[in-house]
Every structure is written in C-alpha cells, then in structure tokens.
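# A structural walkthrough
Each chain is listed here by its residues.
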Amino acid sequence: AQKVTQAQTEISVVEKEDVTLDCVYETRDTTYYLFWYKQPPSGELVFLIRRNSFDEQNEISGRYSWNFQKSTSSFNFTITASQVVDSAVYFCALSESSLGVLRAGKSTFGDGTTLTVKP
Amino acid sequence: NAGVMQNPRHLVRRRGQEARLRCSPMKGHSHVYWYRQLPEEGLKFMVYLQKENIIDESGMPKERFSAEFPKEGPSILRIQQVVRGDSAAYFCASSPPSVSYNEQFFGPGTRLTVL
C-alpha cells in the first residue's frame, strides 16, 4: 500500500525566511510519480510540480525548489524568501504506476502542511 | 481549452436528501477520478472511471455512494441519503487516454454541506 507522510502539520514563518516542507513516501512500485500541490484559502488545488521516480534531479522554479532523495524516500519542498501570498496548505502526493508503466493512476495524498507567512 | 469543470461549486443538502455532483473533464480526457477532502484533511481517493467503466472503486464507501461516467455527458458522483459526515469538498480530476503519463488536472471542487 502507498503512504505519504507530511510530518509538519503547521509551520509559521516571518516573511523573507526560507522554509522547507517535508514529504516522506512509501510505495512498493518501482515506477511512480510524486507531486506537490498548493491549496490557498480559496480552496482550489494548484499544481506545483511533478517528478517521476526515474528522475532524481533537483528542480528550481523561481523561489521554489524541490529535493528528491530516492534513498530516503523523501521529496522535500523549499520556499526561499517566503511571502505572505505563500500562506496556504501544501500537499505532497504519490501516484502509482500501472503494470510498471508510468501512466495515470490514482494519487495518494499526505494530510498537508499549513504554512503561515507573517508580514 | 477549458479546464476541468465541476458544478455546483457549493451544495447544501439536508440529512436524508440526495446530492449529485457533476464533473466535466477537460476536452479529450476520458479518465476521471473523484477525491474527497474532509475538513482539515488531505484528499482521499474514491473512484477512477473511464467512459462507461468503473476501473477502481476501492475508495468508495460501500453504501449510499455511486459514480458513473456515461458515454455522453459529465461524470456524476451521487450520494444518497446524505448524513452530516458527508460534508466535505469533492474534487474531480481528469487525464487523457494516453499510454504515457499525463498529469491529473483537478477541478475547483464542490463543497457539500449537510445540515
């Protein structure tokens, strides 16, 4: 069975601080996808990144960066120089493969980390 | 190309009534997924459908819940005889019928409140 653990329930930082959101996953699949989503107070889900299990390269997109460590089954998300608009709930998710092929499958979500950025 | 559409966005029902939630996938997408988000929790998978077929319903409650994705028209998640515990946000996602992976595109969700 798949499992995603986001151990940090809530994080509060002051604007301009860096913050890292942790994500640890469990799966028996050798092929899978990992995701991060942002859910602002308005409630919709905003896709941030997708990473497949074959690609351990870290990625940077503006103030956002992701660290995928297959050896520790972790996919951590760092926001640099946080801003008030970053306040939201952030979800990490794992999507299973089908017959070992990377194709769309149901996703397992963590319980989310609520990030509050204070001015 | 319009995104995934869900309606209604907000739905209020009294205990015992029926709730029907609709999801129109993105154009060209034939795979639909339904997820439920209880207050203060993450999304939980409910059901995965392709046109006219239920592929995986391992997350669906055994009673009162059903889902369909007909050949024509939107996917429907139906909850009969709603109870207060059904109050949640219900998200639909869609993906195209491709062998290689394409991400799931999420709709804005339907927030169900049971009085």
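Our structure's up above, just so we're on the same page.
Below you will find a few notes about this structure. (Residues numbered from 1 in each chain as written. Chains lettered and ligands numbered in written order. Predicted model: local features only at pLDDT ≥ 70, side-chain atom pairs only at ≥ 80, totals over all residues. Heavy atoms only, no water.)

## Focus on the sheet that holds strand β1 (residues 5-7) of chain B
Strand pairing in a sheet relies on backbone hydrogen bonds. The paired strands run either parallel or antiparallel. Residue and element names in this part refer to chain B. Across the sheet, which stays open at both edges, the 4 strands sit in the order β1-β3-β8-β7 with antiparallel pairing between neighbours. Each edge of the open sheet carries a strand with a single partner, namely β1 and β7 (65-68). The sheet shows a mean angle of 15° between the axes of neighbouring strands, direction not considered. (Pairing = 2+ DSSP bridges. Helix = DSSP H or I, 4+ residues; strand = E, 2+ residues; numbered from the N terminus. Axes fitted to C-alpha atoms, helices over the stretch in contact; angles between N-to-C directions.)

## Quick word on the nonpolar core
In this structure, Trp36, Trp66, Phe77, Tyr90 and Leu115 of chain A are the most contacted members of the largest nonpolar core, which totals 24 residues. When contributions to this core are tallied by element, the ones reaching two or more residues are β2 (10-14), β3 (19-21), β5 (32-39), β6 (46-52), β8 (64-69), β9 (74-79), β10 (88-96) and β12 (113-118) of chain A. With 4 residues, β10 of chain A is the largest single contributor of residues to this core. Non-local contacts of Trp66 of chain A, meaning those with residues more than four positions away in its chain, are made with Trp36, Leu48, Ile49, Asn58, Glu59, Ser61, Phe75, Asn76 and Phe77 of chain A. In terms of nonpolar packing, the next biggest core, distinct from the first, is built from 23 residues, Met26, Trp34, Leu49 and Tyr90 of chain B among them. (Core = buried A, V, L, I, M, F, W, Y, C linked by side-chain atoms within 4.5 Å. Buried < 20%, exposed > 50% of the residue type's maximum accessible area, 1.4 Å probe, protein only. Contact = heavy atoms within 4.5 Å.)

## Here's the deal with the state of the cysteines
Residue and element names in this part refer to chain B. Under the defined criterion, the tally for this structure stands at 2 disulfides over all chains. What pairs with Cys23 in a disulfide is Cys92, and their sulfur atoms sit 1.7 Å apart. Disulfide Cys23-Cys92: torsion about the S-S bond near -50°, hence left-handed. Remark: Cys92 occurs in strand β9 (residues 88-95) and Cys23 occurs in strand β3 (residues 19-24); sequence separation between them is 69 residues. For the pair formed by Cys23 and Cys92, the shared burial category is buried. (Disulfide = S-S within 2.5 Å.)

## What about the pattern of salt bridges?
Residues and elements named next belong to chain A. Overall, the coordinates contain 8 salt bridges over all chains when judged by the stated rule. Salt-bridge contacts for Arg51 lead to Asp55; the nearest nitrogen and oxygen are separated by 3.3 Å. Asp55 sits in the partly exposed class, given a relative accessible area of 24%. Between Arg51 and Glu59 there is a salt bridge whose closest N-O contact spans 2.7 Å. Accessibility expressed as a relative area gives 7% for Arg51, which makes it buried. We classify Glu59 as partly exposed; its relative accessible area is 31%. Each of Arg51, Asp55 and Glu59 takes part in salt bridges that share partners, so that together they form one network. (Salt bridge = Lys/Arg side-chain N within 4 Å of Asp/Glu carboxyl O.)

## Describing the packing of aromatic side chains
With the rule as written, the count across this model stands at 20 aromatic pairs over all chains. Residues Phe35 of chain A and Phe47 of chain A carry aromatic rings whose centres are separated by 6.5 Å and whose planes lie at 65° to one another, so their mutual orientation is edge-to-face. Taken together, the positions of Phe35 of chain A in strand β5 and Phe47 of chain A in strand β6 put the pair 12 residues apart, joining distant regions of the chain. We classify Phe47 of chain A as partly exposed; its relative accessible area is 32%. A centroid spacing of 5.3 Å and a plane angle of 80° characterise the contact between Tyr37 of chain A and Phe106 of chain B, whose relative ring orientation is edge-to-face. Pair noted here: Tyr37 of chain A is in strand β5 and Phe106 of chain B is in strand β10 (residues 105-106), and the two residues belong to different chains. Judged by its relative accessible area of 1%, Tyr37 of chain A is buried. Looking at Phe106 of chain B, the relative accessible area reads 14%, which means it is buried. (Phe/Tyr/Trp six-rings, centres within 6.5 Å; stacked < 30°, edge-to-face > 60°.)

## Notes on the environment of Gln6 of chain A
All names here are of chain A. Secondary-structure assignment places Gln6 in the loop between β1 (3-5) and β2. We classify Gln6 as buried; its relative accessible area is 8%. For the pair Gln6 and Gly110, spaced 104 residues apart in the sequence, the C-alpha separation amounts to 5.7 Å. Within the structure, the side chain of Gln6 is placed 3.0 Å from the backbone nitrogen of Cys92, a separation counted as a polar contact. Among the polar contacts made by the side chain of Gln6, one reaches the main-chain amide nitrogen of Gly112 at a distance of 3.1 Å. (Polar contact = N/O pair within 3.5 Å; in protein donor to acceptor, adjacent residues only side chain to side chain.)

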